Each structure stands twice: as structure tokens, then as C-alpha cells.
Amino acid sequence: MSETVENHMELRFEAKSVNESLARMAVAAFLTDMNPTLSEVDDVKTAVSEAVTNAIVHGYSSEKEQVVIRCSRRDQLCVVQVEDEGVGISDVKQARLPFFTTKPEQNRSGMGFSFMETFMDQVEVESTPGRGTKVTMTKYIAGGNGR
């Protein structure tokens, strides 16, 4: 009988757009012992980019605020949470619609949640106006084993 493999990570950083690449690389490094394919790594990195960008652009008006990423692994299942304590989302259902954005003046495409849903197996969004947002994304990493 095989033993369950678990691992956990937490990363906090300032809500600066330059830190989006840090988040992508940290999560990619976290995945390495799961033996992911390049496609799986790219999928997770893209979803993380979208979630972190949403937290920075829509969650906060100050770069001094913090974004938190938590990653956990149980066997080949990876869970990534991106959380902010920003303005929150008043209508999560509307925010998840393709092309919806609260920042059209910044030429935002409104495709962040759509991309997350495309590249991850499951996406959950919890948000309270005035208290922040937590996006939980789950992906099965088949790696070289196929799916």
C-alpha cells in the first residue's frame, strides 16, 4: 500500500505587480516533486497569474497591502489559494462572467476567472465586501503517468 504524500507552503508579498512573477515561480517550484508535465506547470502558472493580478488590481489601491498564496499537495492533487484582505467582490457570480471588469479604464479584459477555470480543474471564490477575497484552485497533476 502506498503512503500519502503531503506538502504545504505559504508565501506573503506586497501587492505590487512585479511580484506576480514571484508568485508564478514559487508555485511552479512547489509542483516539481509532483513530476508535472510542462503543460500542467504552464496551466497552474497561468491560473496563479490571473488570481494574483486580480488581487493586486481589483483588491487593493495600495502596494503596501499583502497578497497571500497557500499551496498544498496531497498525492497528485494540488490546491492553490490566493487571498487578499482588500475591497472584496459584491457579486461573485457577475465577477466570474467573461468580459466583466470593474476597471475598464485600465483596459482590463475581464477574463481572469475564465482563464482560471480553463486551466484548473476546480475554482472556488469566497468574498466579503470590505474584507477581501479568497480564490481556491485545484488541479490534478497526472505528470508522466497520464490521466
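Cut-offs and rules
- Residues numbered from 1 in each chain as written.
- Predicted model: local features only at pLDDT ≥ 70, side-chain atom pairs only at ≥ 80, totals over all residues.
- Heavy atoms only, no water.
- Helix = DSSP H or I, 4+ residues; strand = E, 2+ residues; numbered from the N terminus.
- Buried < 20%, exposed > 50% of the residue type's maximum accessible area, 1.4 Å probe, protein only.
- Contact = heavy atoms within 4.5 Å.
- Areas by Shrake-Rupley, 256 points an atom, 1.4 Å probe, with all protein chains shown as cover.
- pLDDT = per-residue confidence, 0-100.
- Expected span 1.5 Å × (residues − 1).
- Pairing = 2+ DSSP bridges.
- Axes fitted to C-alpha atoms, helices over the stretch in contact; angles between N-to-C directions.
- Left-handed = near helix turned anticlockwise from the far one by under 90°.
- Lys, Arg positive; Asp, Glu negative; His and termini not counted.
- Salt bridge = Lys/Arg side-chain N within 4 Å of Asp/Glu carboxyl O.
- Polar contact = N/O pair within 3.5 Å; in protein donor to acceptor, adjacent residues only side chain to side chain.

Colleague: Hey, could you go over the overall build of the protein chain for me, with residue numbers and the actual values?
Modeller: Within the protein chain, the secondary structure is distributed over four helices and five strands. Across the protein chain, helices and strands are ordered from the amino to the carboxyl terminus as β-α-α-β-β-α-α-β-β. Residues counted as buried form 45% of the 147 residues belonging to the protein chain. For the protein chain, the proportion of contacts with a sequence separation of at least 24, taken over those separated by at least 6, is 66%. Accessible area of the protein chain: about 8300 Å², with a carbon and sulfur share of 48%.

Colleague: How would you summarise unusual backbone geometry if you had to cite specific residues and measurements?
Modeller: Phi at Asn 35 takes a positive value of approximately 55°, unusual for a residue other than glycine. Tracing the chain through its elements places Asn 35 in the loop between helix 1 (19–31) and helix 2 (38–59). With a phi close to 55°, Asp 75 is a non-glycine residue in the positive phi region. Relative to the helices and strands, Asp 75 resides in the loop between strand 2 (66–74) and strand 3 (77–84). Owing to a relative accessible area of 33%, Asp 75 belongs among the partly exposed residues under this scheme.

Colleague: Would you mind going over the confidence of the model for the protein chain in detail, with residue names and values included?
Modeller: Summing up the model confidence of the protein chain, the mean pLDDT is 89 and the portion of residues at 70 or higher is 88%. The spread of mean pLDDT over the elements of the protein chain runs between helix 3 (residues 92–95), the lowest at 83, and strand 3, the highest at 98.

Colleague: Outline helix 1, supporting the account with residue identities and numerical values.
Modeller: If you check helix 1, its first and last C-alpha atoms are 19 Å apart, about what 13 residues at 1.5 Å a residue would give, namely 18 Å. When helix 1 is considered as a whole, its buried residues turn out to be Asn 19, Glu 20, Ala 23, Ala 26, Val 27, Ala 28, Phe 30 and Leu 31.

Colleague: Quick rundown of the pairing of strand 4 (residues 122–128)? Include the residues and the values.
Modeller: When a strand is regular, its side chains alternate between the sheet's two faces. Across the two faces of strand 4 the burial differs, with Val 123, Val 125 and Ser 127 buried and Gln 122, Glu 124, Glu 126 and Thr 128 not buried at all. Pairing between strand 4 and strand 5 (residues 132–140): seven bridges, direction antiparallel. Along strand 5, the bridge assignment pairs Thr 128 with Gly 132.

Colleague: Can you tell me about the packing of helix 1 against helix 2, naming the residues and giving the values?
Modeller: Two numbers describe how helix 1 lies on helix 2: the axes approach to 9 Å, and their chain directions differ by 145°. For the pair helix 1 and helix 2, the sense of crossing is right-handed. Contacts between helix 1 and helix 2 involve Glu 20, Ala 23, Arg 24, Met 25, Val 27, Ala 28 and Leu 31 from the former and Val 41, Val 44, Lys 45, Thr 46, Val 48, Ser 49, Val 52 and Thr 53 from the latter.

Colleague: Kindly report on the side chain of Glu 40, identifying the contributing residues and their values.
Modeller: Within the fold, Glu 40 resides in helix 2. Despite its burial, Glu 40 remains without a salt bridge, the nearest opposite charge being carried by Lys 139 at 6.1 Å. At a separation of 2.8 Å, a polar atom in the side chain of Glu 40 contacts the main-chain amide nitrogen of Ala 142.

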